[in-house]
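Chains, contacts and geometry: an overview
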Amino acid sequence: MENRRNLFFYHKRDADILEKAAPLYDLAERYGFTIVKDHKDANIIASIGGDGTFLQAVRKTGFREDCLYAGISTKNSLSMYCDFRYNDTSKMIEASVNEQIEVRRYPVIEVAVDGQGTFHCLNEFSLRSSIIKTLVMDVFIDQIHFETFRGDGLIVATPTGSTAYNKSVNGSVVDPLLPCMQVSEVASVNNNHYRTLGASFILSNERNLTLNVMSEGNDQPIMGMDNEALSIRHVEKIEIKLSDKKIKTIKLKDNSFWEKVKRTFL
């Protein structure tokens, strides 16, 4: 692809979103971008919606490393992945013309389930009980048994995903400049028979995490990849590591990760 300004818009097709997206299509063409219908032909993929739409845009286009992703919020407020508001076109123009845009790289988790394929997550991989019964699994770090977990489930989050589901279970917020993944518990049981760390822990990009699900009548847990469920029923072994992939996103120079954290939570 010789044209480095090939742009693909990812968004829902309902009337409200289409109305908000129309001026963005016009703006892009006016400033010399070529709008393509197939994301495979794009150098820039822009989601129009919220963080959930951004996550879907990355997933549905295959976690591409050879293009830039941008998030455009359809609300009046920005979010963790959206640096632009749909109704503030002047900000987009100013940023492009005055070179106020930078590229940041976000780590991605790689998940292998029972040898049935490899999947990627930008936010988190979650494993939860699908019935009203606790889930039991052996947790290994680099093939060394770390703990036997019993509870509602576990969350393995990237640094950017640390502000989402992970934070809601009292996990730490992690700087995305650190190549790592965080493991957090969901309602663990700690008694004389089962003992877990009782706190989230962080693994470097050189570590491998293995979860062996023990049947006990509950070997069909719900597995979540970001905001999408994984359609594999019977589960025995899950292997997780930080992928070599990195997602490149467009950011404004005055809108760092920690500025977003402050704006969102403080």
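The structure we're discussing is the one just above.
What comes next concerns the included structure. Just so it is clear, the structure is predicted and the values come from calculations on it, not from any experiment.

1. Notes on the overall build of the protein chain
The number of helices and strands found in the protein chain is five helices and 16 strands. Computed over the C-alpha atoms, the radius of gyration of the protein chain is 20 Å, within 12% of the 18 Å expected from 2.2 N^0.38 for a compact globule of 266 residues. Reported as C-alpha extents along the three principal axes, the dimensions of the protein chain are approximately 65 × 35 × 35 Å. A burial count over the protein chain gives 48% of its 266 residues as buried. Put simply, of all contacts in the protein chain between residues at least 6 apart along the chain, 70% involve residues at least 24 apart. On the protein chain, roughly 13,100 Å² of surface is accessible, and the fraction owed to carbon and sulfur atoms is 49%.

2. Looking at the packing of aromatic side chains
Summed over the entire model, instances satisfying the criterion amount to six aromatic pairs. With a centroid separation of 6.3 Å and 70° between ring planes, the pair formed by Phe54 and Tyr69 is classed as edge-to-face. Taken as a pair, Phe54 in helix α2 (residues 51–60) and Tyr69 in strand β4 (residues 68–73) lie far apart in primary sequence, 15 residues in all. Exposure remark for Tyr69: the relative accessible area of 0% places this residue in the buried category. Judged by centre distance (5.0 Å) and plane angle (10°), the ring pair of Phe54 and Tyr81 falls under stacked. Of the two residues, Phe54 sits in helix α2 while Tyr81 sits in the loop between β4 and β5 (84–85), which places them 27 residues apart along the sequence. The ring of Phe33 has Arg5 lying over it, and the distance from NZ or CZ to the ring centre is 3.9 Å. A cation over an aromatic ring shows up here: Lys167 above the ring of Phe265, its NZ or CZ 4.4 Å from the ring centre.

3. Details of the pattern of salt bridges
Enumeration according to the criterion identifies 10 salt bridges in this entry. Here Arg59 makes a salt bridge to Asp226, at a shortest N to O gap of 3.0 Å. Of this pair, Arg59 sits in helix α2 while Asp226 is found in the loop between β14 (222–225) and β15 (228–229), placing the two residues 167 residues apart along the sequence. Residue Arg59 is classed as buried on the basis of its relative accessible area, which comes to 13%.

4. Overview of the pairing of strand β9 (residues 135–141)
By the criterion of burial, β9 is predominantly enclosed, with seven of the seven residues buried. Here β9 runs beside strand β10 (residues 144–157); their pairing, made up of seven bridges, is antiparallel. Directly across from Leu135, in β10, lies its bridge partner Gly151. Taking the residues that link successive antiparallel strands as the turn, the β9-β10 hairpin has two residues, and the phi of Asp142 there is positive, at about 55°. The pairing of β9 with strand β13 (residues 208–214) spans six bridges and is classified as antiparallel. Along β13, the bridge assignment pairs Phe140 with Thr210.

5. Digging into helix α5 (residues 257–265)
When we look at burial in α5, the residues that qualify are Phe257, Lys260 and Val261. The buried residues of α5 occupy an angular sector of 100° when the element is viewed end-on, so they sit on one face. Taken together, the buried residues of α5 touch β6 (101–113).

6. Remarks on the environment of Gly198
Mapped onto the elements, Gly198 comes out in the loop between β11 (180–188) and β12 (201–204). When its relative accessible area of 52% is taken as the criterion, Gly198 is described as exposed. Sequence separation between Gly198 and Val186 is 12 residues, and the spatial gap between their C-alpha atoms is 9.8 Å.

7. Notes on the pairing of β6
Pairing of β6 with strand β16 (residues 237–252), which is carried by 12 bridges, proceeds in the antiparallel orientation. Within β16, the position partnered with Val113 by the bridge is Ile238. With four bridges joining them, β6 and strand β7 (residues 118–121) adopt antiparallel strand pairing. Within β7, the residue paired with Ala112 across the bridge is Thr118.

The rules behind the values
Residues numbered from 1 in each chain as written. Predicted model: local features only at pLDDT ≥ 70, side-chain atom pairs only at ≥ 80, totals over all residues. Heavy atoms only, no water. Helix = DSSP H or I, 4+ residues; strand = E, 2+ residues; numbered from the N terminus. Rg over C-alpha atoms; globule rule 2.2 N^0.38 Å. Buried < 20%, exposed > 50% of the residue type's maximum accessible area, 1.4 Å probe, protein only. Contact = heavy atoms within 4.5 Å. Areas by Shrake-Rupley, 256 points an atom, 1.4 Å probe, with all protein chains shown as cover. Phe/Tyr/Trp six-rings, centres within 6.5 Å; stacked < 30°, edge-to-face > 60°. Lys NZ or Arg CZ within 6 Å of the ring centre and 35° of its normal. Salt bridge = Lys/Arg side-chain N within 4 Å of Asp/Glu carboxyl O. Pairing = 2+ DSSP bridges. Arc of directions from axis to C-beta.

Nothing here speaks to function; it is all geometry.
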